[in-house]
Amino acid sequence: MKNITIVGLGGSLRPKSTSLSALTTALEGAAQAGADTHLLDIRALDLPPYRPDNPTSYPSVDRLTETVAQADAMIWFSPLYHGSVSGAFKNAIDWLERLNNREKSYLSGQVVGLISTAGGTQGLQAINTMEFIVRALRGWAVPLVMPIGQSWKVFDQEGNLRDETTRESLKNLGKEVDRAARQFPHSGTCDYA
């Protein structure tokens, strides 16, 4: 059986991103389960604004789309901004429209784990939004999700994760994404289907 590749997409435009810290932790869990992992940091990608009528090739967009196209599974992370995902995260997702004419279009056959942070008591609105997007892109959302409320209690001023319970939960999400992704090559589906 080939090794599973799991791509993390997310982060935020903040220099000390709690989102990036949490996403990296989830990818650590996937790596512990045996997956090859890759991180697509929204800030580092520095994507141009998506325009459907723009055929221009951008290195950052090409890196995003090719990495996602080669993935077996993904873990998405967006902070909760005004009841939804961040604009930077949504812009990255909009660029995935360039995967529409592939033999395996969009996220067909991929499972996606979902994580969000919020300054308030819960970040479930971002999770719900991402789940709708996963379905629209023909992927499968893993039922185990991680909305991290009151993120200021969970992360330090440098954006580092300081809560061990959250750390273990994020790693478990990464392991669950790996588990579900390993089911697809054998049966063309997973137990979430």
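Scroll up to find the structure.
Residues numbered from 1 in each chain as written. Predicted model: local features only at pLDDT ≥ 70, side-chain atom pairs only at ≥ 80, totals over all residues. Heavy atoms only, no water.

J.: Which parts of the structure should I look at to understand the nonpolar core?
T.: The tendency in soluble globular proteins is for nonpolar side chains to be buried as a group. Counting residues in hydrophobic clusters, the biggest one holds 31 residues, and the most contacted among them are Leu9, Leu64, Met74 and Trp76. Those elements that provide at least two residues to this core are β1 (5–10), α2 (42–45), α3 (59–70), β3 (73–79), α4 (87–95), β4 (111–117) and α5 (124–136). Apart from the residues within four sequence positions on either side, Trp76 is in contact with Leu9, Phe89, Ile93, Leu107, Val112, Gly113, Leu114, Ile115, Met130, Ile133, Val134 and Leu137. Of all hydrophobic cores here, the second largest spans 24 residues; its members include Ala35, Ile75, Phe77 and Val111. (Core = buried A, V, L, I, M, F, W, Y, C linked by side-chain atoms within 4.5 Å. Buried < 20%, exposed > 50% of the residue type's maximum accessible area, 1.4 Å probe, protein only. Helix = DSSP H or I, 4+ residues; strand = E, 2+ residues; numbered from the N terminus. Contact = heavy atoms within 4.5 Å.)

J.: Help me out: how do you make sense of the pairing of strand β2 (residues 36–41) in this one?
T.: The two faces of a sheet get side chains in turn, since along a regular strand they alternate between them. Examined bridge by bridge, β1 and β2 share six bridges and lie parallel to one another. Considered in β2, the bridge of Leu9 is made with Leu40. Taking the sense of rotation as the criterion, the β-α-β connection linking β1, helix α1 (residues 18–32) and β2 turns out right-handed. (Pairing = 2+ DSSP bridges. Right-handed = clockwise from strand over helix to strand, strands pointing away.)

J.: When you look at unusual backbone geometry in this model, what are you seeing that I'm missing?
T.: One can expect most non-glycine residues to show negative phi and most peptide bonds to be in trans. Although it is not a glycine, His82 sits at a positive phi angle of roughly 50°. Along the polypeptide, His82 turns up in the loop between β3 and α4. On the accessibility criterion, His82 (88% relative accessible area) is exposed. Residue Tyr106 is not a glycine yet carries a positive backbone phi of 50°.

J.: I keep staring at α5 and nothing clicks. Help me out?
T.: An α-helix turns once per 3.6 residues; consequently, residues spaced three or four apart project the same way. Compared with an ideal rise of 1.5 Å per residue, which puts 13 residues at 18 Å, α5 spans 18 Å between its outermost C-alpha atoms and is within 8% of the ideal. For α5, the complete set of buried residues consists of Ala126, Ile127, Met130, Ile133 and Val134. Relative to the axis of α5, the buried residues are bounded by an arc of 125° and lie together on one face. Exposed and oriented more than 90 degrees from the buried face of α5 are Phe132, Arg135 and Ala136. Directly beyond the C-terminal end of α5, a positive phi value near 70° is found at Arg138. (Expected span 1.5 Å × (residues − 1). Arc of directions from axis to C-beta.)

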